[in-house]
Amino acid sequence: RRLVVWARAWKQHPPAARDVCKCPSLTVMIPHYGEDNLIRFDQLFNQRIELEKKSTVLMAYLVDYFRDEFVNFARRMHGRTDQPTDQQVQFELRRWASLRMQTLWRTVDGM
């Protein structure tokens with residue numbers, strides 16, 4: 001049955017493409033219910049998570065789980081031509097961790 005439907009679809013002509021200006025606009029609203037978009041710096045080093053009867057700090061877990069990505073991040077931060085301030089490094093570290101932990105940050109970052 002599926003093969004028949006697929007074969008019939010090849011006989012049909014696709015509809016004509018509309019002009020972009022005539023297409024309806026699209027608005028997306030993302031409910032976040034108080035979820036922080038960017039992990040706070042103190043959360044990275046103070047928040048503990050439970051894994052298989054072990055307790056570990058969030059940043060240690062992220063570095064261990066995403067080892068290759070963290071190595072790339074460290075190389076990128078070390079290879080910068082300008083000398084970043086501590087605040088810039090902290091922000092980039094928080095951003096890196098948020099992109100790996102939170103669905104909302106990845107959704108908003110991808111738009």
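Here the residue numbers are simple positions, counted from 1 along each chain's written sequence. Note on the predicted model: pLDDT of at least 70 is required for a residue's local features to be given, and 80 or more for side-chain atom pairs to be given and counted; whole-chain, interface and lining totals, by contrast, use all residues. To get the side-chain values, all heavy atoms of the structure are used, and hydrogens and water are removed first.

Colleague: Looking at this structure, I do not really get the overall build of the protein chain. What am I missing?
Modeller: Every helix listed is a DSSP run of H or I at least four residues long, and every strand listed is a run of E at least two residues long, numbered separately from the N terminus. What the protein chain contains, in helices and strands, is six helices and two strands. Traced from its N-terminal end to its C-terminal end, the protein chain shows the element sequence α-α-β-β-α-α-α-α. Type-normalised accessible area, obtained with a 1.4 Å probe on protein chains alone, sets the label of each residue: buried when under 20%, exposed when over 50%, and partly exposed for intermediate values. Across the 111 residues of the protein chain, 19% fall into the buried class. Contacts: residue pairs with any heavy atoms within 4.5 Å of one another. Counted over contacts in the protein chain with a minimum sequence separation of 6, partners at least 24 positions apart contribute 54%. Within the structure as shown, the protein chain displays about 9800 Å² of accessible surface, and the carbon and sulfur contribution to it stands at 55%. Only the protein chains shown count as cover for residues, with accessible areas throughout obtained via the Shrake-Rupley method and a probe of 1.4 Å.

Colleague: Would you mind going over the pairing of strand β2 (residues 54-57) with me for this structure?
Modeller: Here strand β1 (residues 48-51) runs beside β2; their pairing, made up of four bridges, is antiparallel. Bridge assignment links Arg 48 to a residue of β2, and that residue is Val 57. Two strands make a pair as long as DSSP finds a minimum of two bridges between them. Taking the residues between adjacent antiparallel strands as the criterion, β1 and β2 are bridged by two residues, where Glu 52 takes a positive phi near 45°.

Colleague: Sorry, what's going on with the pattern of salt bridges here?
Modeller: Pairing is possible between side chains of opposite charge, provided their charged atoms come close. When a carboxyl oxygen of Asp or Glu is within 4 Å of a side-chain nitrogen of Lys or Arg, the pair counts as a salt bridge. Considering all chains together, one arrives at three salt bridges under this definition. Asp 42 is the salt-bridge partner of Arg 40, the closest N and O atoms lying 3.3 Å from each other. Under the relative-accessibility criterion, Arg 40 is labelled partly exposed at 40%. On the basis of relative accessibility, which here comes to 38%, the residue Asp 42 falls in the partly exposed class. The partner of Glu 69 in a salt bridge is Arg 100, with the nearest N and O atoms 2.6 Å apart. With Glu 69 in helix α4 (residues 67-78) and Arg 100 in helix α5 (residues 86-101), the pair connects residues that are 31 residues apart, well separated along the chain. Glu 69 gets classed as partly exposed once you look at its relative accessible area, which sits at 35%. Judged by relative accessible area, which is 22%, Arg 100 ranks as partly exposed.

Colleague: Hey, could you run me through the confidence of the model for the protein chain in this one?
Modeller: Caution applies to low-pLDDT regions: their predicted coordinates should not be interpreted in detail. Averaged over all residues, the pLDDT of the protein chain equals 79, while 85% of them reach at least 70. Across the chain, each position has a pLDDT score giving the predictor's confidence in that residue, from 0 to 100. Here helix α6 (residues 103-109) is the element of the protein chain with the lowest mean pLDDT, 62, and α4 is the one with the highest, 90.

Colleague: In this structure, what is going on with α5? I would like to understand it.
Modeller: Along an α-helix, a turn takes 3.6 residues, which lines up residues three or four apart on a common side. Any helix carries an expected span of 1.5 Å times its number of residues minus one. Compared with an ideal rise of 1.5 Å per residue, which puts 16 residues at 22 Å, α5 spans 22 Å between its outermost C-alpha atoms and is within 8% of the ideal. Those residues of α5 that sit buried are Leu 93, Trp 96, Ala 97, Ser 98 and Leu 99.

Colleague: Looking at this model, I keep getting lost on the side chain of Ser 98. Mind explaining?
Modeller: Within the element layout of this structure, Ser 98 appears in helix α5. For Ser 98, the side chain forms a polar contact with the main-chain nitrogen of Ile 39, separated by 2.9 Å. Here a polar contact is taken to be a pair of N or O atoms separated by no more than 3.5 Å, where protein atoms must pair a possible hydrogen donor with a possible acceptor and residues adjacent in sequence count only if both atoms sit in side chains.

Colleague: Before we go on, may I ask you to explain the packing of α4 against α5 in this structure?
Modeller: The angle between the axes and the distance between the axes are what describe a pair of packed helices. Following both chains from N to C, one finds α4 and α5 inclined at 155°, their axes separated by 12 Å at the closest point. By the angle between their axes, α4 is roughly antiparallel relative to α5. The chirality of how α4 crosses α5 is right-handed. Of α5, the residues touching α4 (which contributes Glu 69, Phe 70, Phe 73 and Met 77) are Val 89, Glu 92, Leu 93, Trp 96 and Arg 100. Three residue categories are used. Nonpolar comprises Ala, Val, Leu, Ile, Met, Phe, Trp, Tyr, Cys and Pro, charged comprises Asp, Glu, Lys and Arg, and polar comprises the others, including Gly. Of the residues assigned to the contact of α4 with α5, the class counts are six nonpolar, no polar and three charged. The axes are straight lines fitted to the C-alpha atoms, using for helices just the contacting stretch, and the angles between their N-to-C directions are given from 0 to 180°. We call two directions roughly parallel when the angle between them is under 35 degrees, roughly antiparallel when it is over 145, roughly perpendicular when it lies between 65 and 115, and oblique otherwise. Note: crossing handedness is left-handed where the near helix turns anticlockwise from the far helix by less than a right angle, and right-handed where it turns clockwise.

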